[in-house]
Amino acid sequence: MQRSSPKTRLSSEIEELKLESFVLQLEVDGLCVVPPEQTGVDEETIKAIAERLLLEAEETVGCSFDLAEGPAAEVTMNADENVIADLSGDHGEPTQFLLQQLCARDRLFRDLAVNRVALALIRHLIGHAATRFSSHNAFVKWQGEFGYGRNLGMHCDQIAVPRPWGRNALTANTNWCITDYSLEEGALVYVPGSHRRTEPPRFPEAVELAVPVEAPAGSLIVFHGATWHGAVPRAVEGMRLSIANYFRHYMILPQDDIKNLFPRELADDCDDPDTFNLLAGFADEFPYSQQTERIPRLVQ
Ligand SMILES: O=C(O)CCC(=O)C(=O)O
Ligand SMILES: [Fe+2]
């Protein structure tokens, strides 16, 4: 009897873009880091994104921000709004905020949202046809002692979906490092293999097992929605910038109502309008906004 060679679940994009080793890392660890040379996004673009985020931060807060020095004025945030720290009963002032709905702000962000490498890896986790946008946020963070508190804000992103969870990711995330990530610079931390537990983090185990993701600016971090992760506070002067382009299975509620609220003309102004329109869910059947099913007609 002749045996056929074993089949894998790898898509043609994974093979074409030579991402097999990252898929293996995603399967084993629940997270992988694609180095800047392999993302298809060059250094100049990452620099342009950093500059754009600093301007958005300035417009939002009202003082200038500098990569090496942080906010130019003293700023304060309400400790009650440190939602992630609050999950573990910790209370402290955060030294970061989110810039939301990035894709409506600049084409640079829309191009990043349809990046082929990111999308191939995310579609491997969620499913090719089922993948949609959930949200596009920048984390703007500077030096501070508290961060997410003692538990490092350890969580997994698909936590709101009822269990049991399966192997398939219901949500999956990309974090683009716009500045360098190291332990002292306030990196993301995660627990390798935790996605295979298919349950939210347990404490103190999650903190004890957490390792930092150390990677240069321009790196792309991809992780499964069940992977336990958080971040350490930034111990040194300066800023950590990142962009979280977050994806979902199409039967999971999005964080941003992109289908109904995103300006459609902007979706056509990017590197890959067809993919942007698809991932935005403009043509999706659900949720209904009017009667869609046939109705009986009166017999005359
Ligand atoms: O880097 C961080 O502060 C956490 C990022 C995170 O939790 C996410 O993108 O889901
Ligand atoms: Fe997260």
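Residues numbered from 1 in each chain as written. Chains lettered and ligands numbered in written order. Predicted model: local features only at pLDDT ≥ 70, side-chain atom pairs only at ≥ 80, totals over all residues.

Caption draft 1: Structural view of unusual backbone geometry. A cis amide bond, omega 10 degrees, links Arg163 with the succeeding residue Pro164. Relative to the helices and strands, Pro164 is located in the loop between β5 (131–142) and β6 (171–177). The linkage connecting Phe203 with the following residue, Pro204, adopts the cis geometry, with an omega of 5 degrees. Relative to the helices and strands, Pro204 resides in the loop between β7 (188–190) and α7 (205–209). Positioned with a positive phi, Gln101 is a non-glycine residue whose angle comes to about 50 degrees. Inspection of the secondary structure assignment puts Gln101 in the loop between β4 (96–99) and α5 (107–113). (Helix = DSSP H or I, 4+ residues; strand = E, 2+ residues; numbered from the N terminus.)

Caption draft 2: Inspection of the sheet that holds strand β11 (residues 239–249) at higher detail. Taken together, the 6 strands give an open sheet; going across it, the order is β1-β9-β6-β11-β5-β4, and neighbouring strands pair in antiparallel fashion. Across the chains shown, the open sheet's two edge strands, defined by having one partner strand only, are β1 (31–34) and β4. On average, adjacent strands in this sheet sit at an angle of 20 degrees to one another, irrespective of strand direction. Contacts from helix α2 (residues 20–29) reach β1 and β9 (220–224), with the element oriented near 150 degrees to β1. Sitting on the sheet, helix α3 (residues 43–61) touches β4, β5 and β11, and the angle it makes with β4 is about 105 degrees. (Pairing = 2+ DSSP bridges. Axes fitted to C-alpha atoms, helices over the stretch in contact; angles between N-to-C directions. Contact = placed C-beta atoms within 7 Å.)

Caption draft 3: Representation of the site of ligand 1 within the structure. In the neighbourhood of ligand 1, the contacting residues comprise Phe139, Asp157, Asn173, Asn175, Leu188, His229, Ala231, Ser242 and Ala244. Contributions of two or more residues to the shell around ligand 1 are made by β6, β10 (229–231) and β11. In the shell around ligand 1, the residues fall into 4 nonpolar, 4 polar and 1 charged. (Near = placed C-beta within 6 Å. Nonpolar A, V, L, I, M, F, W, Y, C, P; charged D, E, K, R; others polar.)

Caption draft 4: Structural context of the sheet that holds β10. Overall, antiparallel pairing links the 3 strands, which are arranged β8-β7-β10 in an open sheet. On the outer flanks of this sheet lie β8 (211–212) and β10, each paired with one strand and no other. Sheet topology note: the β7/β10 ladder contains 3 bridges and is antiparallel. Its bridge partner being in β10, Val189 is matched across the sheet by Gly230.

Caption draft 5: Quick peek at helix α6 (residues 116–126). Most of α6 is tucked away, with 9 of its 11 residues classed as buried. Turning to α6, its buried residues are Val117, Ala118, Leu119, Ala120, Leu121, Ile122, His124, Leu125 and Ile126. Phi turns positive one or two residues past the end of α6, at Gly127, with a value near 120 degrees. (Buried ≥ 20, exposed ≤ 12 C-beta atoms within 10 Å, placed from the backbone.)

Caption draft 6: Representation of the packing of α2 against α6. Where α2 meets α6, the closest approach of the two axes is 11 Å, and the angle between their N-to-C directions is 40 degrees. Considering the angle they form, α2 stands oblique to α6. Seen along the crossing, α2 lies across α6 with a hand that is right-handed. Taking contact as the criterion, the partners of Phe22, Val23 and Leu26 in α2 are, on α6, Leu121, His124 and Leu125. For the contact of α2 with α6, the class distribution of residues is 5 nonpolar, 1 polar and no charged. (Parallel < 35°, antiparallel > 145°, perpendicular 65-115°, else oblique. Left-handed = near helix turned anticlockwise from the far one by under 90°.)

Function cannot be inferred from these measures alone, as they are strictly geometric.
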